[in-house]
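Structure assessment
Spelled out from the first residue to the last, the chains are:
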Amino acid sequence: MRVTDSSMKYGSLQGIESANSRLQSLNLQMSTGNQITKPSDDPSNTVRALQLRGDVKRNSQFAANANDAIGYMSTADSAYQQMISIAQKAQTLVVQGLNTGTADATSNTALADQVHSIREEMLSLSNTEYNGRPVFGGNTTSDVAYKEDATTGNVYFVGDQTTVNRQVGETTVVQINQTATDAFGAPSTSGSTPGSDIFSVLQNIESALRNSPSTLSASDLSAIGASVTTMSAAQAKEGAAYNRVTVTQAAATTTNLALTTELSNIQDIDLAAQAVAVSTASVTYQSALQTTANIRQMSLLNFLQ
Amino acid sequence: MGSTFGGIVQAGTGLTAASYGLQVVSQNIDNVDTPGYTRQSAQQVSLDGVPGVPITYVNPSGLGGVGIASTARLNDPVVDSRSRTEHGRQAIADTNQTVMSQVENVFPEPSDTGLTEQLNDFWKTFSPLTSDAGSDAPRSVVLGAAATVVSTLNAMSQSLDDVSASTAQSLNNTVTDVNAEAVQLNTLNKQIAIGVGAGQSVNQLLDQRDVILGSLATQVDAKPTFNQDGTVSVAIGTAPNTQPLVSWTYHVGGGANQINVDNGDPSTPATYALTVSGGVPSAVPPIVSTTPAPTATAVVPTGGEMSSFYTMLTSTATGIPAYKAQLDTVAQKLAASMNNQQAAGWDLNGNAGVAMFATSDGSSTFTAANITVASGFTDANIAASSIDPTSPSDPSDPSSPAVGINLDGGNAMAASMLGTTATSPDKEYQSLVGNIGQASKLATQAQATQTSVTTAVDQLRTAASGVSTDEEISNLLTYQRSYQASSRVISTLDDMLDTLINKMGV
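These numbers were taken from a predicted model, which means no experiment stands behind them.

In this section: the overall build of chain B. Regarding its fold elements, chain B presents twelve helices and eleven strands. In terms of C-alpha radius of gyration, chain B reaches 39 Å, well past the compact-globule figure of 23 Å for 506 residues. Overall, chain B is about 155 × 45 × 30 Å in size when its C-alpha atoms are taken along their principal axes. Within chain B, buried positions represent 48% of all 506 residues. The contacts of chain B with a sequence gap of at least 6 include a subset with a gap of at least 24, amounting to 67%. When the accessible area of chain B is evaluated, it comes to approximately 22300 Å², of which 57% is carbon and sulfur surface. Side chains of chain B give 18 positive and 42 negative charges; the mean places of these two sets differ by 14 Å.

Here it is in structure tokens:
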């Protein structure tokens, strides 16, 4: 084959250019720290990386939602605990009232006062807030869930009975509240009529103790017992939901680690391997330049006198 | 030996031939790096002088010596033609790669700031709204994220338009170049025809002709047909719709046509359709088509950068319109999924949700260019609640009073998961990025493959027609020695004649 100055030029230029462009692209990956600097570097992994980014972001949001749910339910749980404990105190007061009988008006009034204060405390606890919203009021815009009517003294419900849900996983939506009926029994919705919830039970007991101790009966005792059972059941349901959220959250942490690792495997360079590749490419480029420079210097003219 | 001085004259032709050879060598060395230069060689022929012994010794038929028959242009027409083909393909590969990488630059993914991340952020802003539907802060954040997403879509659409505009500019520039070259080629045809008629060497003109043909091949699918005198006709387009660009009939003459681009005007959009006009018919006999180009005849180039620019500008399968359409689909899916979700909920004032996204030009079809946050859409309009204000406050008791305005976040919760649905804009955008990445990667690979083929062919072509300095130097020595030897013959004959004329019988 004939070899001419220009044909040699094409051969050596192609070698130099390809060595240079390889060095360039390796250098770009090295300096950005990314294997994929543009979609065409690896189209399928680019799409995978984009999906993973979405997954990671959502997962972090699920974790935040779970924390929010846990806060909400912890608040509700401590309210339940206190309410159950004071309701049990009311139970003992009713037992005392039944034992005392109608004889001692003063002590019955004292019991009535205690029941009254328990009801007030119960009312205040039923308006427990999380993040500025009453946890027993559903999705109400009202600041409180229960109000006390100034004239009748009836405690009535101003919230709503809708459910509060949180997305804590890709397909996991957890109900984090118990409706007012589920927690305390069917409430009254206006101050003029009494409902059939714990507040009405306590109110009945109080008025019986105060006005006609003889009407206090075992049914009052069983009514308050039933209220305690209802609250305990609601607390247990809340506990189950709490448990579900924590399990999901733990799973989300594991998933997050897996997703982040996969994203890193796809996106990030292996620093050691990359450094070796860059220096190899650099040596290749240098030798291409060196060889070309040496060969191109030679000519017949060098050897003629 | 015919005459007394015949030997001197004969040796003199040797001197002339050798010095002409040296001139050719010098010309070759001078043009080692001239683009398109084809090496030349002095074609020596022996002149009838001492054709045979013994009869011709008695009766020599001529003066003898050496003459220059011609100056040959040492190219390989097959390799030249192959080189033009490969350069045409190279131009397509280069142009595709350039345009695709411009398109790809519009989509800087994967990154922390690309549209994917903005969409993720947008959906994520609905999560805080789930637990805090009554506050302004999370609502403003949602609106802010929505504004960011649509402005990015608008900007991407604009960038794609910019790529289109610059590609259209390149198409026009190419057409201008081709038109100028067609005129140049026509002029060269005339000069070659005249030169050949006058018996001059037209090697330099042929070199220029080949440079123009090479350049034309990279710009358009120029198919040359050569006449015996070196003049050439060029047709473009694919049979049966080829059109003459330059037309030359041997011993008759010809002319050049011009290509026009439909760039549209303010009232009609550009179609970038290409036409040939000028009215110069095909050369006779017809090259590939007898269809004349009287005024403006449509032509679809299938080679060279012109075809690549044209495809990129117009193809709805592989061109910029394809990617723009898919970006529009992203905008449509964003508008559809968000507006449908809005319609499923109730806002902070207890009203049914209104559309969050609208078109800026009032069109009923969303595009990436016209999508915008609906005017008058405020924080309170975000439909976070999934509970109808007119529904009973106790779902288990239909007679309970209406729930009224509520702070439920159910609809916001559903909105926060919109990015995962099958019809989400996220999936469409990911597929768009995947498509572009794939197309760009293919273009880059095709370019790399074509570059090595083209380089190999260039190497072949320059090996055949390029100048080798080593070869020229050795030719130089040969001619130099031959000149010296011829001089020596003359001085020897001179000595002999000196003896004969001056030393004898004096």
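Now that the structure is up, let's keep going.
Given two aromatic rings, one states the distance between the centres and the angle between the planes to describe the pair. Residues and elements named next belong to chain A. Considering all chains together, one arrives at eleven aromatic pairs over all chains under this definition. Between Tyr72 and Tyr130, the ring centres sit 5.7 Å apart and the planes meet at 75°, which makes this aromatic pair edge-to-face. Here Tyr72 is found in helix 2 (residues 43–100), whereas its partner Tyr130 is found in strand 1 (residues 129–130), with 58 residues between them in sequence. Aromatic pair Tyr80 and Phe136: ring centres 5.3 Å apart, planes at 75°, arrangement edge-to-face. With a gap of 56 residues between them, Tyr80 in helix 2 and Phe136 in the loop between strand 2 (133–134) and strand 3 (146–148) connect regions that are remote in the sequence. Residues Tyr80 and Phe136 agree in their burial class; the two are buried. These aromatic residues form a ring-pair network of at least three members: Tyr80, Phe136, Tyr146, Phe157, Phe184 and Phe199. The residue whose ring lies beneath Lys9 is Tyr10, and the NZ or CZ to ring-centre distance is 5.5 Å.

So, on to the interface of chain B and chain A. Between chain B and chain A, the contact holds 56 residues from the first and 49 residues from the second. Counting the surface lost from both chain B and chain A, the interface buries some 4600 Å², and carbon and sulfur atoms represent 58% of this. Where chain B packs against chain A, one counts five salt bridges. In this structure, Arg53 of chain A and Glu117 of chain B form a salt bridge, with 3.7 Å as the shortest nitrogen-oxygen distance. At the boundary of chain B with chain A, the tally comes to 19 residue pairs in polar contact (both at pLDDT 80 or more). Those elements that place two or more of their residues in the side of chain B that touches chain A are helix 4 (115–124), helix 5 (126–131), helix 11 (425–465) and helix 12 (469–503) of chain B. Of the residues forming the side of chain B that touches chain A, the biggest block, 16 residues, is contributed by helix 11 of chain B.

Residue and element names in this part refer to chain B. An order of 7-8-9 is seen for the three strands of this open sheet, with the pairing classed as antiparallel. Since the sheet does not close on itself, it has two edges, and those belong to strand 7 (258–261) and strand 9 (297–298), each with one partner. When strand 8 (residues 274–277) meets strand 9, the two strands line up antiparallel, connected through two bridges. Note that in strand 9 the partner of Val276 across the bridge is Thr297. Along the sheet face, helix 6 (residues 136–197) touches strand 7 and strand 8 and points at about 165° away from the line of strand 7.

Calculation notes
- Residues numbered from 1 in each chain as written.
- Chains lettered and ligands numbered in written order.
- Predicted model: local features only at pLDDT ≥ 70, side-chain atom pairs only at ≥ 80, totals over all residues.
- Heavy atoms only, no water.
- Helix = DSSP H or I, 4+ residues; strand = E, 2+ residues; numbered from the N terminus.
- Rg over C-alpha atoms; globule rule 2.2 N^0.38 Å.
- Buried < 20%, exposed > 50% of the residue type's maximum accessible area, 1.4 Å probe, protein only.
- Contact = heavy atoms within 4.5 Å.
- Areas by Shrake-Rupley, 256 points an atom, 1.4 Å probe, with all protein chains shown as cover.
- Lys, Arg positive; Asp, Glu negative; His and termini not counted.
- Charge placed at Lys NZ, Arg CZ, Asp CG, Glu CD.
- Phe/Tyr/Trp six-rings, centres within 6.5 Å; stacked < 30°, edge-to-face > 60°.
- Lys NZ or Arg CZ within 6 Å of the ring centre and 35° of its normal.
- Buried area = accessible area lost by both parts, 1.4 Å probe.
- Salt bridge = Lys/Arg side-chain N within 4 Å of Asp/Glu carboxyl O.
- Polar contact = N/O pair within 3.5 Å; in protein donor to acceptor, adjacent residues only side chain to side chain.
- Pairing = 2+ DSSP bridges.
- Axes fitted to C-alpha atoms, helices over the stretch in contact; angles between N-to-C directions.

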